[in-house]
Every structure is written in C-alpha cells, then in structure tokens.
Amino acid sequence: MKPVPRSLSEIRDLIKEGKITLPNLINSCLENIKSQKDLNAFISVFEKDAMQNAEIVQKKIIGGKAGKLAGLVISVKDVISVKDRLMTCGSKMLSNYTAPYNATAIERILKEDAIIIGKTNCDEFAMGSSNENSYFGAVRNPFDSKRVPGGSSGGSAVSVAAGMCTASLGSDTGGSVRQPASFCGITGLKVTYGRISRYGLTAFASSFDSIGILANDINDTAEILNCISGYDENDITSSKKPVRDYYKEIQKEINPKDIIIGYAKEAFETGIQDEIRETILLKLEELSKRGYRVKEISLPNTDYIIPVYYILTSAECSSNLSRYDGVRYGYRAELEATDGIEEMYTRTRSEGFGEEVKRRIMLGTYVLSSGYYEQYYKKAQKARQLIIKDFGNAFKKADYIITPTTPTTAFKISEKTDNPLEMYMSDILTVSANLAGLPAVSIPAGKDKNGLPVGLQITGKKFDEAGILRLAKYIL
Ligand code: GLN
C-alpha cells in the first residue's frame, strides 16, 4: 500500500513544502484502490475527473484561494447522489441508475474544493451490519480480509482505512457509520437528526437516517461537518439551529473536572466480547484518574432497543422502497406479452431486491397492516418514547455517555449470514442514538488479541456535536 497522509493539515503542509502535489496524492489513492481491489470497497471510481480536479485545486492552493476542504480526497457511499454518476445503492434494482442532481452535502463539499474519488460499496439500500448484502459482492476488512468491514457503510470505512482516500461520507440509520468505523479502526460520526440535510440521500428509514462522516483525523471530521451541516430548504427536517464552528470549538482546552461522563452499565452486560469490555472500562478508569467525573447511569429499556428499531425501520423502509416498481426507477423484469401490470410489479421487485431488503419490506408491511398495526407499529412507537426518556434522564446526570461501539470486533465473512437475529444484535449499542436522534461518534480505542480494532462510542445531547468531538479529541 502506498503511504497516504492521514489528515488535511498534513496534506496542506506537504503541499506547501512542495513535497507532494494534489495530483500525486490522487495517484497514490488510485494505486491503493487498484492494488487492493480484492477488498471490493468501490462501486465506481472517478479516475479522470479526480485527476482533473486535483490539477485545478492544486493551483488554487498555491494561489492561496482554495476552499476549506482543498486537499481532502473524499469517497461517497453509493446511497448519496452525485450528479451524473451511477448511484446503485448496492442494489440490482438501481444498478444502472444515474443520479440527476447532487445531494446537498455533496454540493457543499464541492464548493469547498474537496475532490470526490468515487462511490463506495455498501449493503443494499444501507440495510446490513456486515456489508455482505451488496449486489456487487461483499466488502472485506483491511485488517483481515477473511473478516467483514462492518456495514452498511463498509466500503466507505475500508476506503479511508486502506489509504484509498482521506475521508468518506456515509449514512447512519442504526450505526452504519460508527460500526464500520469501529471495525476498521477509524473515526465515524453520526450527527443529531436534522443537523445535516438528507436531500439526495436515498431514504431507508426517514425518521432515523442521517449522513455521517468517516475519517482518520477528528479535526477533519469537524472541518467537514462545518461545511456540510446546517439548514437546507430542500429538506424540511433539517434544523435551523445555527451551525457552530466545530473545528474551532474542538481546539479549546478541556477541564476534566467540568465534565461528567456517564457509564451506562447495561451496555457492558450481555454479549460483549471480554477484550472490548476491558478496553473500554480501562479507558474509563484512566479518564477518572485524569480528573473526569465518571458516574454510573442507567438505560433501563435497553432490551427493547433492537425489536423497536427493526419494527420501525422496517415499517418505514417498506413505504420508502415502494417507489421501486419498475415504472419510475431502475430495473424492470423482462415480461411476456401476456403479462399484466401486477406481474410486472411482482417480478420486478422479486428480481430486483436482495434477500435482506425483501425480508424487511415483508416485515414492515406486516407490522403496518390493519390488525397488527396497534400491536406492533404503535407499540414500538411508544417504546421509542421510553428509550428517548431514558436518555433524557441519563443526560440529567451526565454530559456524555461512553460505551463500546460494538459488542464484538470484526467477525468472519458468512459467520452471521444464516442468523439474521444474531446479525441484528451487533447493532445493540449503536441504534439507540438513532432512535433518540442523538449525536454519537466512534473512535479507535485499542485492539483485541487478533489485532482487530476496538471502537469507543461517545453519545451526546442533541446538537452537541462540538462536545462529543472535543471529548473524542482529548481522550484519543
Ligand atoms: N445495521 C443496521 C441495519 O441493518 C443499521 C443500518 C444503517 O445504519 N444504515 O438496519
């Protein structure tokens, strides 16, 4: 693998000192993509455009007129629209669909001179925890290619961890940015619901979905967040709350005595790999020695997190994915002259969607159907409120909550594919932030005995992205 600078400040310094040029950097990234093709991180690579843009941005940097993200090479999960480019969502259904416009987050990074190098592989329509559900094949973990990189933004995490770019935009509906970031030893941020516009992000479960940032360096995460967050008239759920200067805020000194860290006891109980429990508990001990106030808090409704998440997201996805009907978008089954419209819909959707997506559409349709609506969907909505309340109570006692990001480190390919429930359990520590709309970040916290990365998750109060990123920076 060609060495690639880890952060924007490193890149800028090297360019100023004349040690690299942006076209050089793009070349190294492209070489790393080619030499590690077996990891299957990309669905499309923008070789020519990336190189052309690098020449332009290099000149801007030298002339002192470059945007805030000039020097960053960014990959984009293939569920986010980049104008005139293929957007497959990891699905046969959209395998030849070209996006007609840029997502707002894309518009905003391009305005600040970031260079997009390509679109990354992901679980089909962002449904998955292992990146084995892609029509374009499984993605592999760069630490051990027999293992999964996490999902659903697995390609994004691998592209950053394996030097194919310096940051990536992914999506997080239940942990899809934080979990792969944790499995691949990088930083993954999911923002408060509404902080980043979802315009141009393919809908999976609209009341959970959020664009997220994967990077090596927390300063880069903050800088990208500065550029992409904020109100957007194209997304009515985007927040009008003023955007803070996250980069500036995380440079401020921290006084550990002012900070109360909540230790959520339930997160350390069932099914957590010993080395993960030990790593995070050790970290908490270290923080307490450094003067942080560590306090036990409780999230009593933890047992409901997984069922509630899967009932509600499946319900929302069954509605969102009804638009793929062979008429408006993408794939349409080949039909006989005698086939009617019913046959067209059925065959198109049966052939165009993969197993996991179909499982969720069926589950979602079931929980929304009359007779079952009250029993499942409505009940899950109520339980969601209980989980939100748990966090409300916890944040009366603590400023931040620290947990592991995942119960295990990266597991083997095929290990959990026959058991969807076991696969779903790997989201137990991440989905609650989406249920409650809270910001959360995963940072690398160590390795297990196989040399696989362990992630630590910090969850904060709504719109306290600056707080969680600053704490992350100080405890890394
Ligand atoms: N693994 C979770 C799921 O399959 C999360 C997906 C996501 O965040 N997009 O639903």
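For the structure, see preceding data.
Residues numbered from 1 in each chain as written. Predicted model: local features only at pLDDT ≥ 70, side-chain atom pairs only at ≥ 80, totals over all residues. Heavy atoms only, no water.

Q: Teacher, can you tell me more about helix α12 (residues 355–368) here?
A: Residue pairs spaced three or four apart in an α-helix point in one direction, given the helix's 3.6 residues per turn. Relative to the 20 Å expected for 14 residues at 1.5 Å per residue, α12 spans 20 Å between its end C-alpha atoms, a close match to the ideal helical length. Of all the residues in α12, the buried ones are Glu356, Val357, Arg360, Ile361, Gly364 and Val367. The arc that holds every buried residue of α12, seen down its axis, measures 135°, which confines them to one face. Seen from the open side of α12, the exposed residues pointing more than 90 degrees away from its buried face are Glu355 and Met362. (Helix = DSSP H or I, 4+ residues; strand = E, 2+ residues; numbered from the N terminus. Expected span 1.5 Å × (residues − 1). Buried < 20%, exposed > 50% of the residue type's maximum accessible area, 1.4 Å probe, protein only. Arc of directions from axis to C-beta.)

Q: Whenever I open this one, the pattern of salt bridges confuses me. Can you help?
A: Side chains that carry opposite charge are capable of pairing whenever their charged atoms lie near each other. Taken as a whole and assessed by the stated rule, the structure comprises 27 salt bridges. A salt bridge links Arg347 to Asp339; the nearest nitrogen and oxygen atoms lie 3.6 Å apart. Asp339 gets classed as partly exposed once you look at its relative accessible area, which sits at 22%. Sharing partners across several salt bridges, the network here consists of Arg244, Glu249, Lys252 and Asp464. (Salt bridge = Lys/Arg side-chain N within 4 Å of Asp/Glu carboxyl O.)

Q: Help me understand empty space enclosed by the protein, please; the structure alone is not making it clear to me.
A: Considering all chains together, one arrives at three cavities of 30 Å³ or more under this definition. Taken as a whole, the largest cavity holds about 120 Å³ of empty space. Lining the largest cavity are 14 residues, and of these Ala267, Leu299, Thr403, Leu429 and Ser432 sit closest to its centre. Space inside the second largest cavity adds up to approximately 80 Å³. Taken together, 14 residues make up the lining of the second largest cavity; nearest its centre are Gly128, Ser176, Tyr309, Tyr310 and Asp427. In terms of residue class, the lining of the second largest cavity is made up of five nonpolar, seven polar and two charged. (1 Å grid on protein atoms, 1.4 Å probe; cavity = no way out; pocket = protein on both sides within 12 Å on 5 of 7 lines; lining within 4 Å. Points joined across faces, edges and corners; volume = space filled by probe spheres on them. Nonpolar A, V, L, I, M, F, W, Y, C, P; charged D, E, K, R; others polar.)

Q: Got a minute to help me understand the nonpolar core in this structure?
A: In a soluble, globular protein the nonpolar side chains are often hidden away together inside. With 104 residues, the main nonpolar core has Ile109, Phe125, Leu169, Ile224 and Ile458 as its most contacted residues. The leading source of residues in this core is helix α10 (residues 305–320), at nine residues. In terms of nonpolar packing, the next biggest core, distinct from the first, is built from 33 residues, Ile20, Ile115, Val158 and Leu214 among them. (Core = buried A, V, L, I, M, F, W, Y, C linked by side-chain atoms within 4.5 Å.)

Q: Explain the packing of aromatic side chains to me, please; I cannot follow it from the model alone.
A: Aromatic rings in a pair are described by how distant their centres are and how their planes are angled relative to each other. In this structure the tally under the stated criterion is 17 aromatic pairs. Between the aromatic rings of Tyr263 and Phe268, the centroid separation amounts to 5.0 Å while the plane-to-plane angle is 40°, which identifies the pairing as tilted. Residues Phe391 and Phe395 carry aromatic rings whose centres are separated by 6.3 Å and whose planes lie at 25° to one another, so their mutual orientation is stacked. Taken together, the residues Phe391 and Phe395, both in helix α13 (residues 373–397) and four residues apart, mark about one turn of the helix. Residue Phe391 shares its accessibility class with Phe395, and that shared class is buried. Connected via pairs of aromatic rings, a cluster forms that spans Tyr97, Phe125, Tyr324, Tyr329 and Phe353. The ring of Phe46 carries Arg85 above its face, with NZ or CZ at 3.7 Å from the centroid. In this structure, Lys416 packs its charged tip against the face of Phe411, placed 4.8 Å from the ring centre. (Phe/Tyr/Trp six-rings, centres within 6.5 Å; stacked < 30°, edge-to-face > 60°. Lys NZ or Arg CZ within 6 Å of the ring centre and 35° of its normal.)

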